[in-house]
Amino acid sequence: MKMVIVAGTPGAGKTSVMIHTIKQLINKGKKPAVVKVDCLYTDDDKRYGKLGIPTLIGLSKDMCPDHFAIYNIEEMADWAKNQNVDTLIIETAGLCHRCAPYTKNSLGICVIDATSGPNTPRKVGPFLTSADIVAITKGDIISQAEREVFRERVLEMNPKCTIHDVNGLSGQGCGEVSEEIIVAKELSDLENEELRHSAPLCVCTLCVGETKVAKKHHRGVLRRIDGFTKYIGE
Amino acid sequence: MDIKEIKIIGGVNKCGESENVKELIVKRGEIFGVVGPTGSGKSNLISDIEQLSQGDTPSKRKILINGEIPETEMRRNPRKRRIAQLSQNMNFLADMTVEEFLIMHAKSRGITSEGIVEKVIDLANNLTGEPIKKDYNLTILSGGQSRSLMVADVAVISDSPIVLIDEIENAGIKKHEALELLSGYGKIVMVITHDPVLALMTTRRVVMKNGGMMEIIETTDEEKEVSKKLSNIDSWMLSMREKVRHGQKLSLNDIKAQKVLE
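Residue indices follow the written sequence of each chain, beginning from 1 at its first position. For this description, chains carry letters from A and ligands carry numbers from 1, given in the order in which they are written. Per-residue local features are limited, in this predicted model, to residues with pLDDT of at least 70; the limit for side-chain atom pairs, both in listing and counting, is 80 or more; totals at the level of whole chains, interfaces and linings are taken over all residues. Excluded from the side-chain calculations are hydrogens and water; all other atoms, namely the structure's heavy atoms, are used.

A. Representation of the overall build of chain B within the structure. The way it works is that DSSP assigns letters per residue, a run of H or I at least four long becomes a helix, a run of E at least two long becomes a strand, and they are numbered from the N terminus. Along chain B, the regular secondary structure elements total nine helices and nine strands. Radius of gyration: over C-alpha atoms. The globule rule applied is 2.2 Å multiplied by the number of residues raised to the 0.38 power. Taken over the C-alpha trace, chain B has a radius of gyration of 20 Å; the compact-globule value for 262 residues is 18 Å, and the two agree within 12%. The principal-axis extents of the C-alpha atoms in chain B amount to approximately 55 × 45 × 30 Å. Accessibility here uses a 1.4 Å probe with only protein chains present; expressed as a share of the type maximum, an area under 20% marks a residue as buried, one over 50% as exposed, and anything in between as partly exposed. In chain B, buried positions account for 48% of the 262 residues. When charges are counted, Lys and Arg contribute as positive and Asp and Glu as negative, whereas His and the chain ends are disregarded. Lys charges are placed at NZ, Arg charges at CZ, Asp charges at CG and Glu charges at CD. Placing the 37 positive and 38 negative side-chain charges of chain B at their respective mean positions leaves the two points 1 Å apart.

B. Region of interest: the sheet that holds strand β6 (residues 162-166) of chain B. Residues and elements named next belong to chain B. Spatial ordering of the open sheet is given by β5-β6-β7-β3-β8-β9, a layout of six strands whose pairing is mixed. The sheet is open, and its two borders are formed by β5 (83-86) and β9 (212-218), each paired with just one other strand. The sheet shows a mean angle of 20 degrees between the axes of neighbouring strands, taken without regard to direction. Here, any two strands with at least 2 DSSP bridges between them count as paired. Alignment of strand β3 (residues 31-35) against strand β8 (residues 204-209), held across four bridges, turns out to be parallel. Residue pairing in the sheet places F32 in a bridge with R204 of β8. Here helix α6 (residues 175-183) sits on the sheet and contacts β3, β5, β6 and β7 (188-192); the angle it forms with β6, its principal contact strand, is near 155 degrees. To obtain each axis, a line is fitted to C-alpha atoms, and for helices this fit is confined to the stretch in contact; angles are then taken between N-to-C directions over 0 to 180 degrees. Pairs of residues are marked as contacts when any of their non-hydrogen atoms sit within 4.5 Å.

C. Spatial organisation of the domain arrangement of chain B. Residue and element names in this part refer to chain B. Per the domain assignment, the segments making up chain B are domain 1 (1-82 + 161-174 + 185-219), domain 2 (90-159) and domain 3 (220-261). Between the C-alpha centres of domain 1 and domain 2 there is a distance of 25 Å. If you look at the interface, domain 1 gives 11 residues, while domain 2 gives 12 residues. Buried area adds together the accessible area that both of two parts lose upon being put together, with accessible area traced by a 1.4 Å probe. Surface buried jointly by domain 1 and domain 2 totals about 1,000 Å² across both partners, of which 51% is contributed by carbon and sulfur atoms. Domain start and end points were adopted from an automatic or database domain assignment.

D. Inspection of the packing of helix α4 (residues 116-127) of chain B against helix α5 (residues 143-156) of chain B at higher detail. All names here are of chain B. One can describe the packing of α4 onto α5 by two numbers: an axis separation of 8 Å at closest approach and a directional angle of 130 degrees. The angle between the axes of α4 and α5 places the two elements in the oblique class. Viewed along their axes, α4 and α5 form a crossing whose handedness is right-handed. Residue-level inspection shows I116, K119, V120, L123, A124 and L127 of α4 in contact with α5, the latter providing S148, L149, V151, A152, D153 and V156. Residues are sorted three ways: Asp, Glu, Lys and Arg are charged, Ala, Val, Leu, Ile, Met, Phe, Trp, Tyr, Cys and Pro are nonpolar, and all the rest, Gly among them, are polar. Residue composition of the contact of α4 with α5, by class: nine nonpolar, one polar and two charged. Oblique is the label for any angle not covered by the other classes, which are roughly parallel (under 35 degrees), roughly antiparallel (over 145) and roughly perpendicular (65 to 115). Note: crossing handedness is left-handed where the near helix turns anticlockwise from the far helix by less than a right angle, and right-handed where it turns clockwise.

E. Up close: the pattern of salt bridges. Salt bridges are defined by distance alone: a side-chain nitrogen of Lys or Arg within 4 Å of a carboxyl oxygen of Asp or Glu. Taken as a whole and judged by the stated rule, the model has 32 salt bridges over all chains. The closest approach of N and O atoms between E176 of chain A and R75 of chain B, which form a salt bridge, is 3.1 Å. On the criterion of chain membership, the pair formed by E176 of chain A in helix α8 (residues 174-183) and R75 of chain B in helix α2 (residues 72-76) is interchain, its members lying in two chains. Here E176 of chain A matches R75 of chain B in class, with each residue buried. In this structure, D56 of chain B and R75 of chain B form a salt bridge, with 3.0 Å as the shortest nitrogen-oxygen distance. A residue pair is termed long-range when its members are at least 10 positions apart, and D56 of chain B in the loop between α1 (42-50) and β4 (62-65) and R75 of chain B in helix α2 qualify at 19 residues.

F. Fine view of the interface of chain B and chain A. Between chain B and chain A, the contact holds 32 residues from the first and 27 residues from the second. Considering only the surface of chain B that becomes buried against chain A, R76, L93 and M104 of chain B emerge as the three largest contributors, covering 26% of it. Where chain B touches chain A, the interface holds seven salt bridges. Salt-bridge contacts for R147 of chain A lead to E50 of chain B; the nearest nitrogen and oxygen are separated by 3.0 Å. Secondary structure elements with two or more residues in the side of chain B that touches chain A: α2, β5, α3 (98-108) and α5 of chain B.

G. Spatial organisation of α6 of chain B. All names here are of chain B. What α6 keeps buried is the set K175, A178, L179, L182 and S183. For α6, the angular spread of the buried residues around the axis is 115 degrees, confining them to a single face. With its phi angle positive at about 55 degrees, G184 sits one or two positions after the end of α6. Arc, as used here, means the arc of the directions from the helix axis to the C-beta atoms.

H. Molecular detail of the confidence of the model for chain A. Residues of chain A with pLDDT of at least 70 account for 97%, and the chain-wide mean is 89. Along the chain, pLDDT gives the predictor's confidence residue by residue, from 0 to 100. Strand β6 (residues 133-137) of chain A holds the highest mean pLDDT among the elements of chain A, 97, whereas strand β8 (residues 220-223) of chain A holds the lowest, 80.

I. Summary view of the pairing of strand β7 (residues 162-165) of chain A. All names here are of chain A. With four bridges joining them, β6 and β7 adopt parallel strand pairing. Counted as the bridge partner of I133 is T162 from β7. Looking down the strands as they point away from the viewer, one classifies a crossover as right-handed if the path from the first strand across the helix to the second runs clockwise. You can see the chain leave β6, run along helix α7 (residues 144-157) and come back into β7, and the turn it takes is right-handed.

J. Region of interest: the side chain of D44 of chain A. All names here are of chain A. Position of D44 among the secondary structure elements: in helix α2 (residues 44-49). Of the residues examined, D44 reaches a relative accessible area of 9% and is grouped as buried. In protein, a polar contact means a hydrogen-donor-capable atom and an acceptor-capable atom, both N or O and within 3.5 Å, with residues adjacent in sequence counting only if both atoms are side-chain atoms; elsewhere, any N or O pair within 3.5 Å suffices. A polar contact of 2.6 Å, which involves the side chain of D44, links it to the side chain of K36. Each residue touching D44, except ones within four places of it in the same chain, is listed here: T15, K36 and E91.

K. Quick peek at the confidence of the model for chain B. Confidence along chain B averages 88 in pLDDT terms, with 96% of residues attaining 70 or more. The ipTM for the predicted assembly is 0.83, set against a pTM of 0.86.

L. Broad picture of the pairing of strand β3 (residues 55-59) of chain A. Residue and element names in this part refer to chain A. Examined bridge by bridge, strand β2 (residues 32-38) and β3 share five bridges and lie parallel to one another. Across the sheet, V34 pairs through a bridge with T55, a residue of β3. As for the winding sense of the linkage, the β-α-β connection from β2 through α2 to β3 is right-handed.

M. Structural detail: α7 of chain A. All names here are of chain A. Here the expected length of a helix is defined as 1.5 Å per residue gap, with one fewer gap than residues. Counted at 1.5 Å a residue, the expected span for α7 with its 14 residues is 20 Å, and the 20 Å between its end C-alpha atoms agrees. The element α7 is largely enclosed, with a buried count of 11 among its 14 residues. Residues of α7 that are buried: Q144, A145, E146, R147, E148, V149, F150, R151, E152, R153 and V154.

N. Summary view of the environment of V177 of chain A. Residue and element names in this part refer to chain A. Take V177: it is sitting in helix α8. Sequence separation of V177 and I133 is 44 residues, and the distance between their C-alpha atoms is 8.1 Å. Once residues within four sequence positions are removed from consideration, V177 is found in contact with T21, I109, H164 and V166.

See below:
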């Protein structure tokens, strides 16, 4: 089975792009299933459901959705195997710009919105820099020059990626994304599979529910604004 | 690659019916018009060409270059792209200075940026009123300044054998100068326009309706005559506009003195 992990900024058009891409996969005789991981609410299961493919929802609630997705990857794969599909697509919520949920042998697709401006590729971190494919949406709203500048910035941050200009409304460009999925390698040994990039360092009192802001209430790995990092605790 | 012609193979209109025009070839050196009411699909036609669509857009059109399907690299990589497009998007969203943007754009097209910033800004300033400076932030430029900069950028940095222009007359800039700057010699130029002066400057024009190409009209000799007269009226209107812009007053004499229709 192939595993495709889709990440991107909120509102960039991940679901719209994947719906068009999945339609293309179905037309080409493939059997995809999709898992959508979100935090508090999603009705994307209805949107994906219309495609007539197996769809599963995961809500991470008060947990980081990318961490949640990573811990649950084996369950998702088992579920997909039971659905008798050949491709599992996992769409993550994509919030903090710091996680890259791609594993080494999955196909990592980053969906990013061109109207967010050419400084965005510099800000978003590993989910862009470690992606195999970068799908740029909403390019029809800006000028050709600005589209090309945006693309250049993406390449500066991730020179090895393949870039596709896609349109989440019309589906333009999604055919090419589906071709990339079709030629992607199979993921067989999930037990030894690794993340491409470590999840962010964050073990502190806030993680376990402390709500007071003053420094004296905090323990764990703490980093000051000047960059000094220390561990406080037993 | 030497681009001699582009061929548009017709697809479907908004209702999914086949387009009337099954095939349209535009050759090097031709200025071709695209006309039709708002919402008739003019911009989509231009965008199909810009993307070198291969039946993957709602229109299902296919675009061939010199009779062949262009390579994927040409569709994707701006360094290999041979198409310049001036769309209707008049504002910049990028939070950068004019200079940073132009250097970055030159880099994306794979050309050396030596002196290019000044060249683009000088050209842009010929088209607009208040001059643009290189350390201005893009997002503070006025509509006319943005548009002038886009025109100059297309002419210098995106300088390509195929040029697509969407409603240049709405930009509040000198449209004739802009069109001249963009079209150059020996290019394939397609212009979307509602302006009769620009429409009649083309050799042929396609009429769009309901998302489809309806028919192709060749500019007749009579239309060329009409074009000249319209052009006189147009430059007269422009001279009035310049007077108003520069704080002068108009009198009835300004109208009487002009015998533009003779």
